[in-house]
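So the chains spell out like this:
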Amino acid sequence: MALESQPPGGVPRIGLGDEAELVARTLAGDRAAFGTLVERYAGQARRVARAVLGDPDDADDAAQDAFLSALLKLAQYDPRRPFGPWLMRIVANSATDRRRRRAVRRTDPLEPGLVGGGTRPDIAAERAALGERLRSALDELTPRRRLAVVLFDVEGYSHAEIAQVLRIPEGTVRSEVFHARRRLRALLADWKEAE
Amino acid sequence: MKEKMGGTPFDHRPDPLVGEALRRMLTTGDDGGFAARVLAAAAAAPVARSPFDILAGWARPGIAAAIVAAILGGWAVGRTLIAPGETLDDAIVTALVPSPVTAALASNEGPPDGSVAFATVVEP
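Because the structure is predicted, anything quoted here is derived from the model rather than measured. (Residues numbered from 1 in each chain as written. Chains lettered and ligands numbered in written order. Predicted model: local features only at pLDDT ≥ 70, side-chain atom pairs only at ≥ 80, totals over all residues.)

**Regarding the overall build of chain A**
For chain A, the helix and strand inventory stands at eight helices and zero strands. Put simply, chain A runs from its N terminus to its C terminus through helices and strands in the order α-α-α-α-α-α-α-α. Per-residue burial for chain A yields a buried fraction of 42% across its 195 residues. Counting contacts in chain A only where the partners sit at least 6 residues apart, residues at least 24 apart contribute 68% of the total. (Helix = DSSP H or I, 4+ residues; strand = E, 2+ residues; numbered from the N terminus. Buried ≥ 20, exposed ≤ 12 C-beta atoms within 10 Å, placed from the backbone. Contact = placed C-beta atoms within 7 Å.)

**Brief notes about helix α7 (residues 159-166) of chain A**
Residue and element names in this part refer to chain A. Within the sequence span of α7, burial applies to H159, E161, I162, V165 and L166. Mapping the buried residues of α7 onto a view down its axis gives an arc of 155 degrees, with all of them on the same face. Looking one or two residues past α7, R167 carries a phi angle of roughly 55 degrees, positive in sign. (Arc of directions from axis to C-beta.)

**A short note on the confidence of the model for chain A**
Residues and elements named next belong to chain A. On average, residues of chain A score 83 in pLDDT, and 77% of them reach the 70 mark or higher. Between residues 1-11, whose pLDDT stays under 50, and residues either more than four places distant or in other chains, the model counts 26 contacts. For residues 109-117, every residue scores under 50 in pLDDT, and the model assigns this stretch 18 contacts once sequence neighbours within four places are set aside. (pLDDT = per-residue confidence, 0-100.)

**Quick notes on helix α2 (residues 31-53) of chain A**
Residues and elements named next belong to chain A. Taking 1.5 Å of rise per residue, 23 residues should cover 33 Å, yet α2 covers just 29 Å from first to last C-alpha, more than 12% shy of that figure. Maximum bend of α2: about 50 degrees, positioned at Y41. The element α2 is largely enclosed, with a buried count of 17 among its 23 residues. Among the residues trailing α2, G54 stands out with phi positive, at a value near 85 degrees. (Expected span 1.5 Å × (residues − 1). Bend = angle between axes of the 7 residues up to and from the residue.)

**Topic: the confidence of the model for chain B**
All names here are of chain B. Summing up the model confidence of chain B, the mean pLDDT is 72 and the portion of residues at 70 or higher is 48%. Looking at the elements of chain B, mean pLDDT is at its lowest for helix α5 (residues 100-107), recorded as 64, and at its highest for helix α2 (residues 31-43), recorded as 93. Note on residues 1-6: pLDDT is under 50 here. Beyond four places in sequence and across chains, it has 12 contacts. Scored as a whole, the predicted complex attains pTM 0.64, and scored at its interfaces, ipTM 0.77.

**What to know about the packing of α2(A) against helix α4 (residues 83-101) of chain A**
Any two packed helices are characterised by how steeply their axes cross, that is the angle between the axes, and by the distance between the axes. All names here are of chain A. Relative to each other, α2 and α4 sit at 35 degrees, their axes nearing to 9 Å. When you trace α2 past α4, the crossing you get is right-handed. On α4, the residues touching Y41, A45, V48, A49, V52 and L53 of α2 are L87, M88, V91, A92, A95, T96, R98 and R99. For the contact of α2 with α4, the class distribution of residues is 11 nonpolar, one polar and two charged. (Axes fitted to C-alpha atoms, helices over the stretch in contact; angles between N-to-C directions. Left-handed = near helix turned anticlockwise from the far one by under 90°. Nonpolar A, V, L, I, M, F, W, Y, C, P; charged D, E, K, R; others polar.)

**Regarding the nonpolar core**
All names here are of chain A. One finds A45, V48, A49, V91, A148 and L151 to be the most contacted residues of the largest nonpolar core, which totals 58 residues. Among the elements that line this core, the one with the most residues is α2, at 11 residues. Of the domains in this structure, domain 1 (9-103) and domain 2 (121-195) are the two that each give at least three residues to this core. (Core = buried A, V, L, I, M, F, W, Y, C linked by C-beta atoms within 7 Å. Domains from an automatic or database assignment.)

**Structural notes on the packing of helix α3 (residues 56-72) of chain A against α2(B)**
Running from N to C, α3(A) and α2(B) cross one another at 45 degrees; their axes reach a closest spacing of 10 Å. One way to sum up the angle between α3(A) and α2(B) is to call them oblique. Handedness of the crossing formed by α3(A) with α2(B): right-handed. For the pair formed by α3(A) and α2(B), the contact residues are A:D60, A:Q64, A:F67, A:L68 and A:L71 on the first element and B:F34, B:R37, B:V38, B:A41 and B:A42 on the second. Broken down by class, the residue content of the contact of α3(A) with α2(B) amounts to seven nonpolar, one polar and two charged. (Parallel < 35°, antiparallel > 145°, perpendicular 65-115°, else oblique.)

**As for unusual backbone geometry**
Of note in the backbone geometry, A:R167 takes a positive phi value of approximately 55 degrees without being a glycine. Within the secondary structure layout, A:R167 lies in the loop between α7 and α8 (170-194). With phi around 55 degrees, B:D30 is a residue other than glycine that occupies positive phi space. Position of B:D30 among the secondary structure elements: in the loop between α1 (16-26) and α2.

**Digging into the environment of A:L68**
Within the secondary structure, A:L68 is located in helix α3. Between the C-alpha atoms of A:L68 and A:I90, which are 22 residues apart in sequence, the distance is 10.0 Å.

**Quick word on the environment of A:R50**
Turning to its location among the elements, A:R50 is positioned in helix α2. A sequence separation of 10 residues divides A:R50 from A:D60, and the C-alpha atoms of the two residues are 7.8 Å apart. In this structure, A:R50 is in contact with A:P56, A:A59, B:L26 and B:T28, ignoring residues within four places of it in sequence.

Encoded structure:
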């Protein structure tokens, strides 16, 4: 696994052989193996779905649909390839389909729990403010651009892996990440300067 | 500020500041509860089989249905062609008449004579 694909302080990447074995065991009827895959990828799938949908409940529904869909399609997974991008493609499709289906509505405000519990009120308020600004900034981006930056900067996937997930050329992934970062960095820089 | 953020937006490495801010915003917590919910839903779902297994599963009822259809079809055709009280041999002979040569060929219990068989082809 390339260094660039290791997320900074995020979910550790799972070995290819380990994933293949878990998939093989799931196909053989071992539900516990599928449970291990779900537990490992739950956070990532929920974040990716939320990047597309905004609403946390919608995102969880989409992520759940994606896991069930993956279970049904598991025989199609190529064990020579990493499991993460294969699963994230299903998650991204599930979230995008749900986004298309649902009626256009305003993005729900961030829940207080999203910005971390148990912190001092002033820090919590700052984080909430930043979260809201980030949410607004994300909303301005296209879903594909959002997915690209979240998969790259949050989940640690490489440009090549994101190209597989989004079915776009690697150069386009770089461009999408660049534009998303430029917007988000400007926002974060303003916020830092205002501190 | 840019150095803190890991260089230019072209940087090929993940940006820890952008990544952490997005992670905090997108993470909803209680992944364990979510995983339990998914596994409960999955308990009712079938585990996928290989595409060949699935096709084989479709083929088995298809073959059985084809056999039943062939038997029923043969029975229906037989009822149409064979009159009540008539044997299958009679029906074949009747179908081959009016040619006396073909009737002789069909009613002969021994192996057909070459010249007779040729005559069935040549004679109208």
